[in-house]
Amino acid sequence: MLSVLIIVARIHLISVVLRLASEYRLVRISLDLATKGGTKQNVVLDRHATTAGIAMALLSSGTLVVRGAHLASDIRRHGMDRKEKHSPGVLSHLRVIEIGSSDASSYCARLFADFGADVQKIEPPEGDRIRRTAPLTVKGESAWFAFLNFNKSSTIIDPAEAGAITRLTALIEDCDVLIDGRDVDSAYCPPIDVAAIRDRHSGLIHVEASWFGRAGPYADFAATDSTVRALAGLVKLVGPAEGPPSHAPDFQTGVLAGLWGFIAAASSVIARMRGGQGRGWSLNIFESSIALSEYLIFEASAHGDVVRRIGINRFWPVFPAGIYETKKGWLGVTAFTPAQWRAFCDMLDLSELGDNPDLLLGKDRLQDIEKIEQQFVPRLKTRTAQQWFTEGRKRKIPIVPVPQMSDLCQDTERKERGAIVPVLLNEEEGLTAGSMLRLTLTPPRRGGTVPVPGEQQDIANVQRRLPSPSATCVDAGRPPLDGVRVIDFSMGWAGPLCTRILADLGADVIKIEAIQYPDWWRGVDRRPAFIEDKMYERAPCFCIMNRNKRGITLDLTRPRGLALVKRLLAKADIVVDNYSVDVLPKLGLGCDVLRALNPRLVKLSMSAFGSDSIYRDCRAYGSTLEQGSGLPTVVGKSDMPPAMSHVAFGDAIGGLNGCAAILIALICAHDAGQGQLIDLAQVECMLPFAAPWLTVHSTDHMPPKRYGNRHPQFVPHGCFRCAGEDNWLIVAATDNDMWQRLAILIGRRDWAMDASLNSSEARRSVEDDIENAIEAWTSTRDADQAMFELQSVRVASGVARHPIDLLQDPHLRSRAFLQQVERPFIGAHLQPSMPIREGVGPYTIRAAAPTLGQHNSEILTGLLKLSDSDVAELAREGIIGTTVLCEGR
């Protein structure tokens, strides 16, 4: 990666050389010095060279020629032009302090750094413990720490030093946002009084992360990423039918909760820009993970015992929705609708299978998995994954090749889009996942440097700050997005979750459907009986994702319907869609049209691969996004196929990222008076979960090691059978003290006293014996009993809950996480709260999901000032309505 820069300068231009070195992140600078005598001397300086150092080299030279520079990244290859990389970001007016140590708080703060905020990470002299988290690069750098922290600055504060509290307090009083992970790990942070600081600094936004919150039965639990996911219902339905359940490696809860924390903080910034006060948020990591399981919670409550673990890469209620071997490579397949199933069968010359009326829906096909797979699996092995992908695209089937880490490292398109970016880890070059929030007018930074302890980044100096809270602004009790209007074209899970969060935070969200094309999460069945019984109003998943919204039907294929939606768009702040990229332009609602209607409009496009991708026309579901992310290749054991972790992992992740991106764009629109397009590729939103292995592979080029339910650092770590049928418990010993407490509890005091087992590396040699002893203990106990016994001696553990169990979870009930809501057709039902709170209780759910066209008259007469006769005419013409049309009408 050599890039030639030629600079001819006098000594007085030394500062120019240094500035270029800093801006282009030069690692080494090779200087050819022409002396007065005409001879040449070569001097090599590292990136920490000072002006004085260069001046010494130039004492006898009047001319300097810089002929080569080893870059931390190839600027041309990665599209990192100088202007994009170094102009102040849209959040460069914000100062953020990060204290404590948790994955969630670190990722939350990184999202600010991605857009130019000055993020100061407070560390003890020995550095954040995450710096030592596996997997490690060739030179021993933590790939996970790199992902979480590039472009931040590091400030070392020794709590033992005099004045440590005063120094940290002063930093916080001068910041806009405080991201606080101390409840997870204090990281030796000096004991500051945040409440007193907020009394003096009323504009401070404070986000405080914890595993389970301050109150409730789990509040004092020792936890790990895997024990929290188990409790959140994300483990029990995954893996072999006979057990044990399997789960992905660490890092998932940190990404999920980090996004939620950023949403809380960024929405508060928007409220602050209107003159509001700062806000204090609690962020519950356990509840954040339920964003992935809430769909299954309520589907299971509706369908009962059929929702169970059915095998590797098999998930209720969709089949096929898994990963299959081909002639070369692995292929992710999802056939959800009847049309997709028929197209998949036709592609494989299995038309008789596709035409079988008994196999029309996924839930029907689940009854004959083995028989059906025996027919199509051998045929998939006759062609390569890439060949099937090409053929599937023509037939509009959601299929995708499953990439290895080597494929991701060579993925030119994702590098050009900024989804994979270069990072410098203490002189070691690598790749990691960049920002997925692809704002087109104010893009995120692409790559950067991971700070060594105490290192400061070169941050653009921006003088403007958030306005001081206004004495006349009355926002007490008002949600942060009160007054924001959203036009929601989205369907399914990802888009509706994004807009649901905006609605929960106070935005007026108007959901657009049509009686000809309702949200497909109401059901894909168009047979007369389904329509006549209005079963499309009874779908639990639709009701969960669309609360707090108003609903209207408009046929956008007809001129009057299109004209009305344009009038709504002219009055909106945000428009969201998760269609394929060509749908809205074909309807006459392309970006140019939207910009002309409303220059301040923020447009979020949530396609699967991005509007400029060569795969822009590909169909995809949440399962497709996981299959295409690379994550399945690090899940499970080495003798297993790449393994999925969820029926639709990518949906919730896309929704959270979409919401975060919108909030940044709203900040920009408020500041600059200009809207923009957000080109969110949902498959890219899954890359953070694979980021550590991507980084390591970019440095060592070796395939990642797969640990199954074991762990690269914690021994023991696994999923253990308990008494009863299909009951399981995840147990982990995160340090030597916890290991000794565990050994004593299960009756192996000899192990606790054995000094030769005082490290995870030493215990690895007897890991089988340790696991057998733990299971001998757990198998005689109820899973909850075993968990509470382990937690009583501070051993990390979590029951592998079935999603339906969360409806009765004692911790969630104690925190009033599940709220009861009334809705026509289904009556009283439970709804999950947001995992972010400003007070003791959750945000109140204001309204149930709308029935089809419920607010037609309210919106058309109230907002658009149509007459009642106009509304009646629209109904007669079928432009609006409240009943879905049957198939063929």
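The rules behind these values
Residues numbered from 1 in each chain as written. Predicted model: local features only at pLDDT ≥ 70, side-chain atom pairs only at ≥ 80, totals over all residues. Heavy atoms only, no water. Salt bridge = Lys/Arg side-chain N within 4 Å of Asp/Glu carboxyl O. Helix = DSSP H or I, 4+ residues; strand = E, 2+ residues; numbered from the N terminus. Buried < 20%, exposed > 50% of the residue type's maximum accessible area, 1.4 Å probe, protein only. Pairing = 2+ DSSP bridges. Axes fitted to C-alpha atoms, helices over the stretch in contact; angles between N-to-C directions. Contact = heavy atoms within 4.5 Å. Right-handed = clockwise from strand over helix to strand, strands pointing away. Parallel < 35°, antiparallel > 145°, perpendicular 65-115°, else oblique. Nonpolar A, V, L, I, M, F, W, Y, C, P; charged D, E, K, R; others polar. Phe/Tyr/Trp six-rings, centres within 6.5 Å; stacked < 30°, edge-to-face > 60°. Lys, Arg positive; Asp, Glu negative; His and termini not counted. Left-handed = near helix turned anticlockwise from the far one by under 90°. pLDDT = per-residue confidence, 0-100. Polar contact = N/O pair within 3.5 Å; in protein donor to acceptor, adjacent residues only side chain to side chain. Expected span 1.5 Å × (residues − 1). Arc of directions from axis to C-beta.

Counted under the stated rule, the structure contains 52 salt bridges. With a shortest N-O distance of 2.6 Å, Asp726 and Arg309 are connected by a salt bridge. A residue pair is termed long-range when its members are at least 10 positions apart, and Asp726 in the loop between strand E24 (717-721) and strand E25 (728-732) and Arg309 in the loop between helix H10 (285-303) and strand E12 (321-325) qualify at 417 residues. For Arg309, a relative accessible area of 6% gives the class buried. Where Arg485 meets Asp508, a salt bridge forms, and the shortest distance between an N and an O atom there is 3.2 Å. Of the two residues, Arg485 is situated in strand E18 (residues 485-488) and Asp508 in strand E19 (residues 508-513); the sequence distance between them amounts to 23 residues. The structure contains a network of salt bridges with shared partners spanning Arg417, Arg438, Asp612, Asp679 and Glu684.

Glancing now at the sheet that holds strand E23 (residues 677-681). Strand order across the open sheet formed by six strands is E20-E19-E18-E21-E22-E23, with parallel pairing between neighbours. Of all strands in the sheet, those with a lone pairing partner are strand E20 (549-553) and E23, marking the two edges. Each adjacent strand pair in this sheet contributes to an overall mean axis angle of 20 degrees, direction not counted. One ladder, built from four bridges, connects E18 with E19; its direction is parallel. Counted as the bridge partner of Asp488 is Lys511 from E19. Here helix H21 (residues 559-570) sits on the sheet and contacts E18, E19 and strand E21 (574-577); the angle it forms with E19, its principal contact strand, is near 160 degrees. Each of E21, strand E22 (602-607) and E23 is contacted by helix H25 (residues 649-672), which is oriented at about 160 degrees to E22, the strand it contacts most.

This brings us to the pairing of E19. With five of six residues buried, E19 is to be regarded as a mostly interior element. Pairing geometry for E19 and E20, over five bridges, is parallel. Its bridge partner lying in E20, Glu513 is registered against Thr553.

For strand E10 (residues 205-210), the tally of buried residues reaches five of six residues, placing the bulk of the element in the interior. One ladder, built from four bridges, connects strand E9 (residues 177-181) with E10; its direction is parallel. Pairing of Val177 across the sheet is with Ile205, part of E10. Note on the crossover from E9 through helix H7 (residues 194-200) to E10: the handedness is right-handed. Relative to strand E11 (residues 280-284), E10 is paired through five bridges, and the arrangement is parallel.

Moving on: the packing of helix H9 (residues 252-273) against H10. Across the interface, H9 lies against H10 with an axial gap of 8 Å and an inter-helix angle of 95 degrees. One finds that H9 runs roughly perpendicular with respect to H10. For the pair H9 and H10, the contacting residues are Thr253, Leu256, Ala257 and Trp260 in the first and Ile285, Ser288, Ser289, Ala291 and Leu292 in the second. For the contact of H9 with H10, the residue count by class is six nonpolar, three polar and no charged.

Before going further, it helps to examine the packing of aromatic side chains. Remark: the centre distance and the inter-plane angle together describe each pair of aromatic rings, the angle taken between the planes. Counted by the stated rule, this structure contains 27 aromatic pairs. With a centroid separation of 4.9 Å and 25 degrees between ring planes, the pair formed by Tyr218 and Phe221 is classed as stacked. Phe221 matches Tyr218 in its accessibility class, with the two residues each being buried. Residues Tyr295 and Trp521 carry aromatic rings whose centres are separated by 5.1 Å and whose planes lie at 25 degrees to one another, so their mutual orientation is stacked. Placement of the pair is Tyr295 in helix H10 and Trp521 in the loop between E19 and helix H19 (528-532), with a sequence separation of 226 residues.

Let's shift gears to the side chain of Lys236. Here Lys236 lies in the loop between helix H8 (225-231) and H9. Despite its burial, Lys236 remains without a salt bridge, the nearest opposite charge being carried by Asp726 at 4.5 Å. Those residues in contact with Lys236 that lie beyond four places of it in its chain are Pro245, Arg309, Asp726, Asn727, Ala800, Arg801 and His802.

What follows is about the sheet that holds E10. Sheet architecture is open: seven strands sit in the order E8-E7-E6-E9-E10-E11-E29, paired in mixed fashion. Each end of this open sheet is capped by a strand with a single partner; those strands are strand E8 (153-156) and strand E29 (836-837). Bridge count between strand E7 (residues 118-123) and E8: four bridges; the pairing is parallel. Note that in E8 the partner of Glu123 across the bridge is Ile156.

Moving on to the packing of H9 against H25. Interaxial distance between H9 and H25 falls to 10 Å at its minimum, and their mutual angle equals 25 degrees. Here H25 runs roughly parallel to H9, going by the angle between their axes. Where H9 crosses over H25, the two elements pack in a sense that is left-handed. Residues Gln252, Leu256, Leu259, Trp260, Phe262, Ile263, Ala266, Ser267, Val269, Ile270 and Met273 of H9 lie in contact with H25, whose contacting residues are Phe649, Ile653, Leu656, Asn657, Cys659, Ala660, Leu663, Ile664, Leu666, Ile667, His670 and Asp671. Split into classes, the residues belonging to the contact of H9 with H25 amount to 18 nonpolar, four polar and one charged.

A word on the environment of Arg229. Mapping Arg229 onto the fold places it in helix H8. On the basis of relative accessibility, which here comes to 3%, the residue Arg229 falls in the buried class. Each residue touching Arg229, except ones within four places of it in the same chain, is listed here: Leu234, Val235, His247, Ala248, Pro249, Asp250, Gln252 and Thr253.

Another point: the confidence of the model for the protein chain. Per-residue pLDDT for the protein chain averages 89, and the proportion of residues at 70 or more is 88%. Segment residues 1-86 is flagged for pLDDT under 50; beyond a separation of four residues in sequence, or across chains, it makes 151 contacts in the model.

This part covers the side chain of Ser698. Looking at the secondary structure, you find Ser698 in helix H26 (residues 691-700). For Ser698, the side chain forms a polar contact with the main-chain oxygen of Thr695, separated by 2.6 Å. Look past the residues within four positions of Ser698 in its chain and what remains in contact with it is Cys409, Gly430 and Leu431.

Let us now look at helix H30 (residues 767-778). For H30, spanning 12 residues, the distance from its first C-alpha to its last is 16 Å, which sits close to the expected 16 Å at 1.5 Å a residue. Those residues of H30 lying buried are Glu767, Ile770, Glu771, Ala773, Ile774, Trp777 and Thr778. Take H30 and look down its axis: the buried residues cluster within an arc of 160 degrees, on one side only. For H30, the exposed residues lying more than 90 degrees away from the buried face are Asn772 and Ala776. Buried residues along H30 sit against E24, E25, helix H27 (736-745), helix H28 (749-753), helix H29 (760-764) and helix H31 (783-792).

Further remarks concern the environment of Tyr517. With respect to the helices and strands, the residue Tyr517 is situated in the loop between E19 and H19. Considered as a pair, Tyr517 and Asp555 are 38 residues apart in the sequence and their alpha carbons are 8.3 Å apart.

With respect to the helices, strands and loops of the structure, Ile770 is situated in helix H30. In this structure the C-alpha to C-alpha distance between Ile770 and His717, which are 53 residues apart in sequence, comes to 9.8 Å. For Ile770, the residues in contact, after removing those within four places along its chain, are Pro716, Trp739, Trp751 and Arg763.

Cis geometry marks the peptide bond from Ala134 to Pro135, where omega comes out at 5 degrees. Position of Pro135 among the secondary structure elements: in the loop between E7 and helix H5 (143-149). A cis amide bond links Val715 to the next residue, Pro716, at an omega of 5 degrees. Along the chain, Pro716 turns up in the loop between H26 and E24. If you check the backbone angles, Asn151 has positive phi at about 75 degrees while not being a glycine. You can see Asn151 is positioned in the loop between H5 and E8. The class for Asn151 is buried, based on a relative accessible area of 0%.

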